[in-house]
Amino acid sequence: MTESPPPDHTNCQRKMLLALLVPFAYFFLTRVPAPRQKIGWAMSYVVPVLALSALGHNDWTALPSALLVMVAVYAAYEFGYIVNDAAAVDREASPTQRLDPWARQWVRSRLLLALCVRFLVGGACIAIVAFAQAPASPLIALAWLAIWPVFALYNRWRGRITIPLYLLLVSLRYLLPIWATAAEAAPHWLLLLLVYPLPNTIVAAWKPRYGLEVLKRPFAGEQQFRAIWSGALLVVALLGWWLAPQWVTWPFVAVCAYYLGIRSGSLYGQRGQREQTAANTNPLGLGTVRVALANLFWILGDKALAMVLGLLIFGMIGRALGPSGAGHFAFGAALLQVALGLSL
């Protein structure tokens, strides 16, 4: 059955053709359409990946290579999204419909075009990086090529078998730009699986089709889980940096602290919106007491966590700088606190 096109089908065709052929365009159109979602994606993926690429290479000249690998990864990754939205949804019991019937039919007729263009664009990016980063190029190229069949299996299979495939896909998306510029540090960067791919996979496993809702019950929502995970991981990273600095490096600790910051910010923002909504609808209800107690809990928890982390970090500073250096550091920090207090 042929679906009738929308009234402005010419503009829709142009937009869909752009999304089919240009890396990031389909992702922005269907996965992060709102500006706030795009900012969240950039803060949780683009910024840490580029920063880790630069740190692994010890300078900022690695950023162009990391960006090219990122483009290549999304050229392949988005094709999996396109196939999922246009064809694989027909095999799901309760699919997420990101394309209307006309758009799905239009996209299906152009899948081969999208495959060829995206493979050429991604392959060209990998070839440029291989020319600049010769030692790492064979493994990076093989890992990029692996995205295509793995995503095809993910779209074809159903059930819990797709959870490890999802973990592999997210790991390749996150780690490839970093490994391309810091291949010699790859064993250390394996710890980054705990920072982004693993928690994303756990959240994805909460979907009803997997029947693993029990994993979700201890948490009030996705943002709370991510904040708790990031906080626990930072504590473990600090201990690891203290006990085994040859394996747990300071960039890993820094990225854990970064994720704790953005996850906590997202959680507080979400809680603030809910509290404002509750206050507007029921300003004098019992919910006000509950909100006050929750705020008290978060304030006390924040102080306790800051105290524990402060002790750990100052202990590491003392170990690295010695008694005299740690004393100078503490004196400088005290002066900074006084200056900040006078500036308010």
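Data block above holds the structure.
Below is a summary of the structure that appears in this document. (Residues numbered from 1 in each chain as written. Predicted model: local features only at pLDDT ≥ 70, side-chain atom pairs only at ≥ 80, totals over all residues. Heavy atoms only, no water.)

## Re the overall build of the protein
The cut-off we apply is this: Secondary structure elements are taken from DSSP: a helix is a run of H or I of four residues or more, a strand is a run of E of two residues or more, and numbering for both begins at the N terminus. When a residue's accessible area, from a 1.4 Å probe over protein chains only, is under 20% of the maximum for its type it is buried; when over 50% it is exposed; and in between it is partly exposed. It only takes one pair of heavy atoms within 4.5 Å for two residues to be counted as in contact. Computed by Shrake-Rupley with a 1.4 Å probe, the accessible areas treat only the displayed protein chains as cover when residues are assessed.
Of regular secondary structure, the protein possesses 13 helices and 0 strands. Along the protein, helices and strands appear, N-terminal first, in the series α-α-α-α-α-α-α-α-α-α-α-α-α. In the protein, which comprises 344 residues, the proportion classed as buried is 39%. In the protein, of all internal contacts separated by at least 6 residues, the share reaching a separation of at least 24 is 68%. Total accessible area computed for the protein in this model is approximately 18,900 Å², and 71% of it derives from carbon and sulfur atoms.

## Some details on unusual backbone geometry
A positive phi angle, near 80°, is found at Phe24, a position not held by glycine. Judged by its relative accessible area of 16%, Phe24 falls in the buried class.

## Description of helix α11 (residues 222-243)
Test applied: Expected helix span is computed as 1.5 Å times (number of residues minus one).
Across its 22 residues, α11 extends 31 Å between first and last C-alpha, which sits within 8% of the 32 Å expected from 1.5 Å per residue. Taken residue by residue, α11 has Gln223, Gln224, Phe225, Arg226, Ala227, Ser230, Gly231, Leu233, Leu234, Ala237, Leu238 and Gly240 as its buried positions.

## Some thoughts on helix α5 (residues 101-108)
Note the threshold: We define a polar contact as two N or O atoms separated by no more than 3.5 Å, with the added condition that, inside protein, one atom must be a possible hydrogen donor and the other a possible acceptor, whereas residues neighbouring each other in sequence contribute only through side-chain atom pairs.
Here α5 has its buried residues at Trp102, Ala103, Arg104, Trp106 and Val107. N-cap assignment for α5: the residue whose side-chain oxygen lies 3.1 Å from the backbone N of Trp102 is Asp100.

## Let's talk about the pattern of salt bridges
This is how the line gets drawn: Think of a salt bridge as a Lys or Arg side-chain nitrogen and an Asp or Glu carboxyl oxygen that are within 4 Å of each other.
Tallied over the entire structure, the rule returns 4 salt bridges. Across the pair Arg31 and Asp85 runs a salt bridge, and its minimum N-O distance is 2.5 Å. Taken together, the positions of Arg31 in the loop between α2 (25-30) and α3 (35-57) and Asp85 in helix α4 (residues 63-86) put the pair 54 residues apart, joining distant regions of the chain. Each member of the pair, Arg31 together with Asp85, is buried. Linking Asp85 and Arg98 is a salt bridge whose minimum nitrogen-to-oxygen distance equals 3.8 Å. In this pair, Asp85 sits in helix α4 while Arg98 sits in the loop between α4 and α5, placing the two residues 13 residues apart along the sequence. One connected set of salt bridges, linked through shared partners, spans Arg31, Asp85 and Arg98.

## Examining the packing of aromatic side chains
Definition in use: Between rings of Phe, Tyr and Trp, where Trp is taken as its six-membered ring, a pair exists when centres lie within 6.5 Å; planes separated by under 30 degrees are stacked, by over 60 edge-to-face, and by other angles tilted. Our definition puts a charge over a ring when NZ of Lys or CZ of Arg is within 6 Å of the ring centre and also within 35 degrees of the ring normal.
Tallied over the entire structure, the rule returns 31 aromatic pairs. Between Trp206 and Phe219 the ring centres are 6.3 Å apart and the planes differ by 20°, which places this aromatic pair in the stacked class. Here Trp206, found in the loop between α10 (197-204) and α11, pairs with Phe219, found in the loop between α10 and α11; they are 13 residues apart in sequence, far enough to count as distant. Across from the ring centre of Tyr81, 4.0 Å away, lies the NZ or CZ of Arg31, which sits over that ring. The positively charged end of Arg173 is found above the aromatic ring belonging to Tyr77, 4.9 Å away from the centroid.

## Some words on the nonpolar core
Applicable threshold: By nonpolar core we mean a set of buried residues, namely Ala, Val, Leu, Ile, Met, Phe, Trp, Tyr and Cys, connected to one another through side-chain atoms within 4.5 Å.
The biggest cluster of nonpolar side chains holds 76 residues, and the ones touching the most others in it are Tyr45, Val107, Ile147, Tyr174, Leu192, Val195 and Phe252. For Phe252, the residues in contact, after removing those within four places along its chain, are Leu191, Leu192, Val195, Leu233 and Ala237.

## Points about the packing of helix α6 (residues 111-132) against helix α7 (residues 137-156)
For clarity, the cut-off: Each axis is a line fitted through C-alpha atoms, taken for helices only over the stretch in contact, and angles between the N-to-C directions span 0 to 180 degrees. Any angle that falls under 35 degrees is termed roughly parallel, while one over 145 is termed roughly antiparallel, one within 65 to 115 roughly perpendicular, and all others oblique. Definitions for this section: a left-handed crossing has its near helix turned counterclockwise from the far helix by less than a right angle. A right-handed crossing has that turn clockwise. Under this grouping Gly is polar, as are all residues other than the nonpolar Ala, Val, Leu, Ile, Met, Phe, Trp, Tyr, Cys and Pro and the charged Asp, Glu, Lys and Arg.
Taken N-terminus to C-terminus, the directions of α6 and α7 make an angle of 165°; their axes are 10 Å apart at the nearest point. By the angle between their axes, α6 is roughly antiparallel relative to α7. Seen along the crossing, α6 lies across α7 with a hand that is right-handed. Contact residues: α6 offers Leu115, Arg118, Phe119, Gly122, Gly123, Ile126 and Ala130, while α7 offers Ser137, Ile140, Ala141, Trp144, Leu145 and Trp148. Residue composition of the contact of α6 with α7, grouped by class: 9 nonpolar, 3 polar and 1 charged.

## Overview of the environment of Trp250
Following the sequence through the fold, Trp250 ends up in helix α12 (residues 250-281). Sequence separation between Trp250 and Ala237 is 13 residues; the distance between their C-alpha atoms is 8.9 Å. Leave out the neighbours within four places in its chain, and Trp250 touches Leu55 and Trp241.

## Overview of the packing of α4 against helix α8 (residues 162-181)
Contact geometry for α4 and α8: axes closest at 8 Å, N-to-C directions at 155°. By the angle between their directions, the pair α4 and α8 is classed as roughly antiparallel. Of the two elements, α4 crosses α8, and the hand of that crossing is right-handed. For the pair α4 and α8, contact is made by Ser65, Ala66, Val69, Met70, Val73, Tyr74 and Tyr77 and by Leu169, Val170, Arg173, Leu176, Pro177, Ala180 and Thr181, respectively. Classifying every residue of the contact of α4 with α8 gives 11 nonpolar, 2 polar and 1 charged.

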